[in-house]
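# Geometric and topological summary
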Amino acid sequence: MPEKKFDLINLDPFPSQSGGAAERRFRDPNALRSIAEDAITDARTDSEIAREFISHGELGPKSVANTQKELFRFLTWCREEAGKTLRQLNVADLNHYKEFIKAPPPDWVSTTKWPRNDPRYRPFSGPLSDASRRQAMIAVKGLFAYAAQTGYLRRDPAALVKHVKTIGASRITRYLTSDALQLAIATVSAREALTPAAVRRRERDRFLLITYIHTGARLNEIVSANMGAFYTEGNGRWWLDVMGKGDKPRRLPVPPDMLAAFRQYRAAYDLLPHAVRSDHTPLVLSSRGAALVRITDEAASDALKAIFAAAASAAAGMGDVDMAATLRQASAHWLRHSMLTNHANNGVQLKTLQETAGHASIATTAAYLHKTDNERHDEILASLNGTRTVTSQS
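Here the residue numbering is sequential within each chain, running from 1 through the sequence in written order. Per-residue local features of the predicted model are confined to residues with pLDDT of at least 70, and side-chain atom pairs are confined, for both listing and counting, to 80 or more; whole-chain, interface and lining totals are unaffected and use all residues. Side-chain descriptors were evaluated using all non-hydrogen atoms of the structure, hydrogens and water having been removed beforehand.

Let us now look at the nonpolar core. Leu209, Leu283 and Leu327 are the most contacted members of the largest nonpolar core, which has 51 residues in total. To qualify as a helix, a DSSP run of H or I must reach at least 4 residues; to qualify as a strand, a run of E must reach at least 2; elements of each kind are numbered from the N terminus. With 7 residues, the top contributor of residues to this core is helix H10 (residues 297-317). The contact partners of Leu209, leaving out residues within four places of it in the chain, are Ala184, Ile185, Val188, Leu304, Ile307, Phe308 and Leu335. We define the nonpolar core as a collection of buried residues of types Ala, Val, Leu, Ile, Met, Phe, Trp, Tyr and Cys that are connected through side-chain atoms lying within 4.5 Å of one another. Buried residues are those whose accessible area, probed at 1.4 Å on protein chains only, stays under 20% of the maximum for their type, while exposed residues exceed 50% and partly exposed ones sit between those limits. By size, the runner-up hydrophobic cluster in this structure holds 38 residues, among which are Ala43, Leu71, Ala139 and Val161. Contacts: residue pairs with any heavy atoms within 4.5 Å of one another.

Encoded structure:
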């Protein structure tokens, strides 16, 4: 069998300031004769329509990278395995690809992530889970839909390919109880800090933890915010503005202990208790050096994991092995789950939580409601223990 070639495929989005497809038409006016006369795209190749698709979506950097990865895999498969272009593929081909990524052959796999331009590079690091296969096929189906809508393709065979089924949990389980959260706060508050840099780090990490606990914000929403995002409108209510998914602004309520943590954090950096609205200083600062530099998402995530690890040790020392085990698994996103779960169980309306979390669907928010299940669990166990009288009704 011929050796597979995993050559680079240019899937960079077209620059918004360029003429893009119009420029290509000008260079080669006969290039589109094989495409429908009323097509609203000037793409001449599968890679060009893929680039237009990626550009059209107005995706964030991470979504662009993920879509590029999936479409590189797919277009490479079209060339190396199917030997077809997008126009030649049928429903059976696409279903075959859906199965192909479930267990890619060995010559498509490398457990080492080599650079794309390295001859040892391979598109896969192993079989894809059902959830990953579903995301891969969403990218492929999106490309076909776009290509058909623009006239690059005369039909969309991917529309007849079913989504990969995944088994999703009906309830969110990755959350921390109020006791675990309080232990985490106490642990970071008691952290020894013998230098100014250590004090800055402790107060920043404490502020981070309390902020995520109270707001349920996504990791990047806090890290990418500025100091001026903290404000009051003069009625005693404090708010934090964040930018959510799809560049949708959202403002989050700030409770008193979060405001106090914010003031204490700023004091550690020799800043005034509050910033003005026009202050573009990063909200989450590096503790190293005098420069006010924003930390990365990864650094913020690592800071929280360090707190959880220390809190897990503290829980183990108190003999609470269950809490210790849970804290060892916790991550920054658990704090989002925890905030929504704890408020849902306390009776906060789902519509309020939906707006606070920035969920597009209230069904997503409803997955955090555990109270009914917990009450049902307690009633059944109480009945088994003979502490509740069960009566039958005819």
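Here the focus is the packing of aromatic side chains. The rule is short: rings of Phe, Tyr and Trp, with Trp giving its six-membered ring, pair when the centres are within 6.5 Å, and they are stacked under 30 degrees, edge-to-face over 60, tilted in between. For the structure on display, the rule yields 16 aromatic pairs. Measuring from ring centre to ring centre gives 6.4 Å for Tyr97 and Phe100, while their planes differ by 20°; the resulting arrangement is stacked. Taken together, the positions of Tyr97 and Phe100, both in helix H4 (residues 91-100) and 3 residues apart, correspond to about one turn of that helix. Between the aromatic rings of Phe100 and Trp108, the centroid separation amounts to 5.1 Å while the plane-to-plane angle is 80°, which identifies the pairing as edge-to-face. Residue class for Phe100 comes out buried when judged on its relative accessible area of 8%.

Okay, the side chain of Asp297 next. As for its position among the elements, Asp297 is in helix H10. Apart from residues no more than four positions distant in its own chain, Asp297 is found in contact with Lys62, Leu219, Asn220 and Val223.

What follows is about the pattern of salt bridges. Pairs can form between side chains of opposite charge once their charged atoms are near each other. Salt bridges, as used here, are contacts in which a Lys or Arg side-chain nitrogen is within 4 Å of a carboxyl oxygen on Asp or Glu. The tally for this structure, following the rule as stated, stands at 14 salt bridges. Between Glu80 and Arg79 there is a salt bridge, with the nearest N and O atoms lying 2.8 Å from each other. The exposure class assigned to Arg79 is partly exposed, which follows from its relative accessible area of 36%. It is possible to trace a salt-bridge network through shared partners that takes in Glu99, Asp130 and Arg133.

Glancing now at H10. To estimate the expected span of a helix, subtract one from its residue number and multiply by 1.5 Å. Look at H10: 31 Å from first C-alpha to last across 21 residues, which is about the 30 Å you get at 1.5 Å a residue. Where H10 is concerned, the buried positions are Asp297, Ala300, Ser301, Ala303, Leu304, Ile307, Phe308, Ala311, Ala312 and Ala315. Positioned one or two residues after H10, Gly319 has a phi angle of 85°, which is positive.

So, about the environment of Leu209. You can see Leu209 is positioned in helix H7 (residues 196-215). Leu209 sits in the buried class, given a relative accessible area of 0%. C-alpha of Leu209 to C-alpha of Ala332: the two residues are 123 residues apart in sequence and 8.6 Å apart in space.

Right, let's talk about the pairing of strand S3 (residues 249-254) for a bit. In S3, alternate side chains face the same way, and those of Arg250, Leu252 and Val254 are buried while those of Pro249, Arg251 and Pro253 on the opposite face are not. The pairing criterion is simple: DSSP has to find at least two bridges between the two strands. Where strand S2 (residues 238-243) lies against S3, 6 bridges are found, and the strand directions are antiparallel. Note on S3: the bridge partner recorded for Asp241 is Arg251. Linkage of S2 to S3, two consecutive antiparallel strands, is achieved through a turn of 5 residues, within which Gly246 is found at a positive phi near 70°.

Let us look at helix H6 (residues 178-189). Between its terminal C-alpha atoms H6 stretches 16 Å, which fits the 16 Å expected from 12 residues at 1.5 Å a residue. Every buried residue of H6 is listed here: Ala180, Leu181, Leu183, Ala184, Ile185, Thr187 and Val188.

Turning to the packing of helix H2 (residues 46-56) against helix H3 (residues 61-82), a few remarks are in order. Helix axes use the C-alpha atoms of the stretch in contact, all axes being lines fitted to C-alpha atoms, and the angles between their N-to-C directions lie in the range 0 to 180 degrees. Axis separation between H2 and H3 bottoms out at 11 Å; the angle between their running directions is 160°. Our classification of the angle between H2 and H3 gives roughly antiparallel. For the pair H2 and H3, the sense of crossing is right-handed. Each of Asp46, Ser47, Ala50, Phe53 and Ile54 in H2 lies in contact with H3, whose residues at this interface are Val64, Thr67, Gln68, Leu71 and Leu75. Think of it as three bins: nonpolar holds Ala, Val, Leu, Ile, Met, Phe, Trp, Tyr, Cys and Pro, charged holds Asp, Glu, Lys and Arg, and polar takes everything else, Gly as well. For the contact of H2 with H3, a count of residues per class yields 6 nonpolar, 3 polar and 1 charged. Here the word oblique covers every angle except those under 35 degrees (roughly parallel), over 145 (roughly antiparallel) and from 65 to 115 (roughly perpendicular). Crossings are classed by handedness, with left-handed meaning an anticlockwise turn of the near helix from the far one by less than a right angle and right-handed meaning a clockwise turn.

We now examine the pairing of S2. Relative to S2, strand S1 (residues 230-232) runs antiparallel, the two being bridged by 3 bridges. When the sheet's bridge partners are listed, Tyr231 is paired in S2 with Trp239. Two successive antiparallel strands, S1 and S2, enclose a turn made up of 5 residues, where Gly234 displays a positive phi of approximately 90°.

Right, let's get into the packing of H3 against H4. When two helices pack together, you describe them by how their axes are tilted relative to each other and by the distance separating the axes. Closest axis-to-axis distance for the H3/H4 pair is 12 Å, and the angle between their directions is 115°. Both H3 and H4 take part in a crossing whose hand is right-handed. Side by side, H3 and H4 meet where Glu70, Arg73, Phe74, Trp77 and Glu81 of the first sit next to Asp93, Leu94, His96, Tyr97 and Phe100 of the second. Taken together, the residues that form the contact of H3 with H4 break down as 5 nonpolar, 1 polar and 4 charged.

Attention now moves to the environment of Asp205. The topology assignment puts Asp205 in helix H7. For Asp205, a relative accessible area of 0% translates into the label buried. Put simply, Asp205 and Tyr265 are 60 residues apart on the chain and 8.8 Å apart in space, counted from C-alpha to C-alpha. In this structure, Asp205 is in contact with Val188, Arg191, Ala303 and Ile307, ignoring residues within four places of it in sequence. Looking at Asp205, its side chain comes within polar contact range of the side chain of Arg204, at 2.8 Å. As used in this structure description, the phrase polar contact means that two N or O atoms lie within 3.5 Å; if the pair is within protein, one of them must be able to donate a hydrogen and the other to accept it, and residues adjacent in sequence are counted only when both atoms belong to side chains.

Further remarks concern the side chain of Arg204. You can see Arg204 is positioned in helix H7. Looking at Arg204, the relative accessible area reads 7%, which means it is buried. For Arg204, the residues in contact, after removing those within four places along its chain, are Tyr265, Tyr269, Val284, Leu285, Ser286, Ser287, Ile295 and Ala303.

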